[in-house]
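Coordinates in review
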Amino acid sequence: MKKIEAIIRKSKFRELKGALVRAGVENFTYNLVRNVGEATESRVYRGVEYEVSAVERIHLVLLADKKSDEIVKLIVDTGITGEAGDGRVFITELKDAFRLISKDGKDISTKL
Amino acid sequence: METISIDTLWVLVAAVLVMLMQAGFAMVESGFTRGKNSINILMKNLIDFSMGSLIFFIIGYTLMFGTDVGGLFGKPVLFLNDDGVDGITNKASLIFQTVFAATAATIVSGAVAERTKFSSYIVFTVFITALIYPIAGHWIWGGGWLSTLSTPFHDFAGSTVVHSVGAWIGLAGAIVLGPRIGKYGKDGSVKAIPGHNLTIGALGVFILWFGWFGFNGGSQLAIAGEANAVAVSSIFLNTNLSAAAGALAATALTWIRYKKPGLSLSLNGALAGLVAITAGCDIVTPGASIIIGLIAGVALVFSVEFFDKFLKVDDPVGAISVHGVNGALGTILVGFFAVDGGLFHGGGASLLVSQLLGVGAVAAWSLGLGFLLFIGIKKTMGLRVSPTEEHVGLDISEHGESAYN
């Protein structure tokens, strides 16, 4: 079982969400985060240009097992624009996962 | 008799329109500054209007409009309670002039925003409405020396009397205070400190634009009869045209200079057009109003750059450029565009000379007393919050509450 974490552009989130649902992902968690890295955005306020060094990105977390390669490919294919700042994907081998409702840790949260 | 009723009604309606401009100023100043200083700027707007209302009733009004003493000030009568009538009721005149005085006072808060101690703010707002504003106002509207020149200085609704007085005091304040922490780098670089809510800022500008119909239209002090109805309608049209032209000019210029049309300066452009037309809205043509607005919008953008990047005077909301530079500019332009007496209408240069004299005298008075006032406060009770308080934000450090919870 694997934990897949992806950091993607805000503008790609709706598209990815739709693709994940179509691929059978029933549950995932996401958050609005700020990323400091190669990508910066310049803005102008009252004639003064400034760099926004922390850019807003979506961070999402989901679990998968057999279909994990397929899901990672989906994230990459959907999220890529070719510009610096497209994001990252992290894949972690997961020891255990269970839903709180099962209490005893028997019922893992993904069938994928 | 009927004209007294209808004229008084019009002035009272105009007075509440001008009173609403307080909401406009509050929203612009809060929106154009950081969220950690919102409570503070709103409190300052509330207190300057409240304090100004009392002070102007207690002494300011008669110091401005009382019996002339040597062309310099009116003979003060304390706590004037006058049910007399002079064209309109004297109390309608008092309330109309009160909301004008409060407008001048509230302009200052924007220029000194995000770093001025609240207690010090209360002290200087008293001096502005009790002394600096009424005396300059007397020179022009109260029968003082600028109104008795052989070619009288013309400032119909207060480009100079109201707007530039507030802005020049604000300029003195911004200089004595110094810039906000983080506004300028050690290497002299200019940093942007974006306002926290431009939606609210835009609402404020529309409220000001709305209120300005009362500001300029009400300054006719009458509406009954054909001549007054024509005059007030013409003032409305000119006011709106100049504001629109100011907004468009600033939009076009930011588009050219900064590659994209910027909202914050375009909103200031509309206000610049309003301030500039205020002096001459009664005696220029609609075409001239558009030209005045265009000049104002262009001047606004360059003026903001000049103060921000060259002089390094930190004016978070652009009050000095909007009200000071354009107040002066609009008043001087009357000397060119006035249908009766303007240089472009064959009236010669005498009106232009009077306009320059009045603008200069009021600027010298307001700046001079402004500097004295702010330096005096700085040396005694202190003018500025501590660096720690400024970092934390004035909402928490001065008022113990936050605007957004």
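Here is a short report on the structure shown in this document. (Residues numbered from 1 in each chain as written. Chains lettered and ligands numbered in written order. Predicted model: local features only at pLDDT ≥ 70, side-chain atom pairs only at ≥ 80, totals over all residues. Heavy atoms only, no water.)

**Regarding the pattern of salt bridges**
In a structure, side chains of opposite charge can pair up when their charged atoms sit close to one another. Note the threshold: When a carboxyl oxygen of Asp or Glu is within 4 Å of a side-chain nitrogen of Lys or Arg, the pair counts as a salt bridge. A run of H or I in DSSP becomes a helix once it reaches four residues, and a run of E becomes a strand once it reaches two; helices and strands are each numbered from the N terminus. Relative accessibility decides the category of a residue: with a 1.4 Å probe and only protein chains considered, values under 20% of the type maximum give buried, values over 50% give exposed, and everything between is partly exposed.
The final tally for this structure, using the stated rule, is 15 salt bridges over all chains. Between Glu-93 of chain A and Lys-2 of chain A there is a salt bridge, with its nearest N and O atoms 3.8 Å apart. Pair noted here: Glu-93 of chain A is in strand β4 (residues 87-93) and Lys-2 of chain A is in strand β1 (residues 2-9), with a separation of 91 residues, a long-range link. Of the residues examined, Glu-93 of chain A reaches a relative accessible area of 58% and is grouped as exposed. Classification of Lys-2 of chain A as partly exposed rests on a relative accessible area of 23%. In this structure, the salt-bridge partner of Arg-180 of chain B is Glu-114 of chain B, at a minimum N-O distance of 2.4 Å. Taken as a pair, Arg-180 of chain B in the loop between α5 (159-177) and α6 (198-218) and Glu-114 of chain B in the loop between α3 (90-111) and α4 (118-141) lie far apart in primary sequence, 66 residues in all. The residues Arg-180 of chain B and Glu-114 of chain B share a single accessibility class, namely buried. If you follow the salt bridges from partner to partner, you end up with Arg-34, Glu-114, Arg-180 and Asp-314 of chain B in one network.

**Examining the environment of Lys-191 of chain B**
Condition: Contacts: residue pairs with any heavy atoms within 4.5 Å of one another. Pairing of N or O atoms within 3.5 Å defines a polar contact, subject to two protein rules: one partner must be a possible hydrogen donor and the other a possible acceptor, and residues neighboring in sequence count only if both atoms are side-chain atoms.
Residue position: Lys-191 of chain B is located in the loop between α5 and α6. Judged by relative accessible area, Lys-191 of chain B falls into the partly exposed class, the value being 35%. Separated by 157 residues in the primary sequence, Lys-191 of chain B and Arg-34 of chain B have C-alpha atoms spaced 14 Å apart. The contacts of Lys-191 of chain B, once residues within four sequence positions are left out, are Val-48 of chain A together with Gly-182, Lys-183 and Gly-185 of chain B. At a separation of 2.8 Å, a polar atom in the side chain of Lys-191 of chain B contacts the side chain of Ser-189 of chain B.

**A word on unusual backbone geometry**
Residues and elements named next belong to chain B. Backbone geometry at Leu-221 places phi at a positive 60 degrees, although glycine is not the residue there. Here Leu-221 lies in the loop between α6 and α7 (226-258). Its identity as a non-glycine residue notwithstanding, Lys-259 has a phi of 75 degrees, on the positive side. Mapped onto the elements of the fold, Lys-259 is located in the loop between α7 and α8 (263-278). Taking the relative accessible area as the measure of exposure, Lys-259 reaches 66% and is therefore exposed.

**Considerations on the packing of α4 of chain B against α5 of chain B**
Residues and elements named next belong to chain B. Note the following rule: Note on method: axes are straight lines fitted to C-alpha atoms, helices fitted across the in-contact stretch only, with angles between N-to-C directions ranging 0 to 180 degrees. Orientation categories follow fixed angle ranges, with anything under 35 degrees roughly parallel, anything over 145 roughly antiparallel, 65 to 115 roughly perpendicular, and all other angles oblique. For any helix crossing, the convention is left-handed if the near helix is rotated counterclockwise from the far helix by under a right angle, and right-handed if that rotation is clockwise. Side-chain classes are defined by residue name, with Ala, Val, Leu, Ile, Met, Phe, Trp, Tyr, Cys and Pro counting as nonpolar, Asp, Glu, Lys and Arg as charged, and the others, Gly among them, as polar.
The contact between α4 and α5 brings their axes to 10 Å, and the two run at 140 degrees. Classified by the angle between their axes, α4 and α5 sit oblique to one another. Of the two elements, α4 crosses α5, and the hand of that crossing is right-handed. Here Ile-128, Ile-132, Tyr-133, Ala-136, Gly-137, Ile-140 and Trp-141 of α4 come into contact with α5, specifically with Thr-160, Val-161, Val-162, Val-165 and Ile-169. Looking at the contact of α4 with α5 residue by residue, the class counts come to 10 nonpolar, 2 polar and no charged.

**Digging into the interface of chain B and chain A**
Rules: Put simply, buried area is how much 1.4 Å-probe accessible surface two parts lose in total, over both of them, once they are put together.
The interface is formed by 18 residues belonging to chain B together with 6 residues belonging to chain A. Together chain B and chain A conceal approximately 930 Å² of surface at their shared face, both sides included; 60% is due to carbon and sulfur atoms. When residues of chain B are sorted by the area they lose upon contact with chain A, Ala-192, Pro-194 and Tyr-258 of chain B head the list and together hold 41% of the total. The interface formed by chain B and chain A holds 0 salt bridges in total. At the boundary of chain B with chain A, the tally comes to 4 residue pairs in polar contact (both at pLDDT 80 or more). For the side of chain B that touches chain A, the secondary-structure elements that each account for two or more residues are α8 and α9 (286-310) of chain B. Of the residues that constitute the side of chain B that touches chain A, the class distribution is 11 nonpolar, 4 polar and 3 charged.

**Things to note about the side chain of Glu-5 of chain A**
All names here are of chain A. Note that Glu-5 resides in strand β1. Under the relative-accessibility criterion, Glu-5 is labelled buried at 17%. There is a polar contact of 2.9 Å between the side chain of Glu-5 and the side chain of His-59. In contact with Glu-5, other than residues within four places in its own chain, are His-59, Leu-60, Val-61, Arg-88, Val-89 and Phe-90.

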